[in-house]
Amino acid sequence: TQLLEQSPQFLSIQEGENLTVYCNSSSVFSSLQWYRQEPGEGPVLLVTVVTGGEVKKLKRLTFQFGDARKDSSLHITAAQPGDTGLYLCAGEGGSYIPTFGRGTSLIVHP
Amino acid sequence: GAGVSQTPSNKVTEKGKYVELRCDPISGHTALYWYRQSLGQGPEFLIYFQGTGAADDSGLPNDRFFAVRPEGSVSTLKIQRTERGDSAVYLCASSVGWTVSYNEQFFGPGTRLTVL
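Residues numbered from 1 in each chain as written. Chains lettered and ligands numbered in written order. Predicted model: local features only at pLDDT ≥ 70, side-chain atom pairs only at ≥ 80, totals over all residues. Heavy atoms only, no water.

**Re the interface of chain B and chain A**
Heads up, the rule is: Contact between two residues is taken to exist if any of their heavy atoms lie within 4.5 Å; hydrogens are not considered. By definition, the buried area sums, over both parts, the 1.4 Å-probe accessible area that each loses when the two are put together. Definition used for salt bridges: Asp or Glu carboxyl oxygen within 4 Å of a side-chain nitrogen of Lys or Arg. Whenever two N or O atoms come within 3.5 Å, that pair is a polar contact, provided that in protein one can donate a hydrogen and the other can accept it, and provided that, for residues adjacent in sequence, both atoms are side-chain atoms. Per the convention used, a helix needs a DSSP run of H or I reaching at least four residues, while a strand needs a run of E reaching at least two, with both numbered from the N terminus.
Taken together, the contact pairs 21 residues of chain B with 21 residues of chain A. Considering only the surface of chain B that becomes buried against chain A, B:Val100, B:Ser101 and B:Phe107 emerge as the three largest contributors, covering 27% of it. Inspection of the chain B/chain A interface yields 0 salt bridges. Run the count over chain B and chain A and you get 7 residue pairs in polar contact (both at pLDDT 80 or more). Among the secondary structure elements, those contributing two or more residues to the side of chain B that touches chain A are β4 (31–37) and β5 (44–50) of chain B. No other element matches β4(B), which puts 3 residues into the side of chain B that touches chain A.

Written out as structure tokens, the structure is:
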């Protein structure tokens, strides 16, 4: 079984602060996806990283895939209240079935 | 265009009853996934369809759970003899192709199932 551990589980910060969320595993993944989920809604895809060492930027969000394709990080610069939500990482392994982490619940206070 | 829709949005049932949860995927999407999300957890894979057939049902917890997609579009997740532990949000997702590395999954809003 491939497991993804996300940390921290909860994060409460002030507007303007920077933060990093981590997604780690002992297994190798073909790709890793990052999603954001808001209450009462399904997850929405933010990015997919496929190549080891890959870095992708989406406005104030920076995503990195580890060289060994076992871990990933999400860095948010100058967080805003609109960034509040549950951030989920998911990996596609050899079975092609996505495995999700437990998520990081982020609250950004104005 | 329309996204993935799921009905009902909420379902309350009694222990031992039978329930059906429906998913309408985005038109033209051949891949359809069912997940279960418990409080404080990420989505847990249940079953995946490619067209009409179940390509992988390894996530179904036991034989009380069954899903169909008879015409390759709408899918129904069926749960027999419901138990309190089945209470969760059931999410459906669809995508154009079958590998999430290259095909974005679009999720519905989920059905919140509560078993009393």
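What follows continues from the structure just given.
**Some thoughts on the state of the cysteines**
Our working rule: For this text, the term disulfide refers to a pair of cysteine sulfurs within 2.5 Å. Accessible area is worked out with a 1.4 Å probe on protein chains only. A residue is then buried under 20% of its type maximum, exposed over 50%, and partly exposed in between.
In the structure shown here, the tally under the stated rule is 2 disulfides over all chains. Put simply, A:Cys23 and A:Cys89 are joined by a disulfide, and their sulfur atoms are 2.0 Å apart. The sign of the 75° torsion about the S-S bond sets the A:Cys23-A:Cys89 disulfide as right-handed. Here A:Cys23 is found in strand β3 (residues 19–24), whereas its partner A:Cys89 is found in strand β9 (residues 85–92), with 66 residues between them in sequence. Judged by relative accessible area, which is 0%, A:Cys89 ranks as buried. In this model, B:Cys23 is linked to B:Cys92 through a disulfide, with the two sulfur atoms separated by 1.9 Å. Measuring handedness by torsion sign, the sulfur bridge of B:Cys23 and B:Cys92 sits at about -65° and is left-handed.

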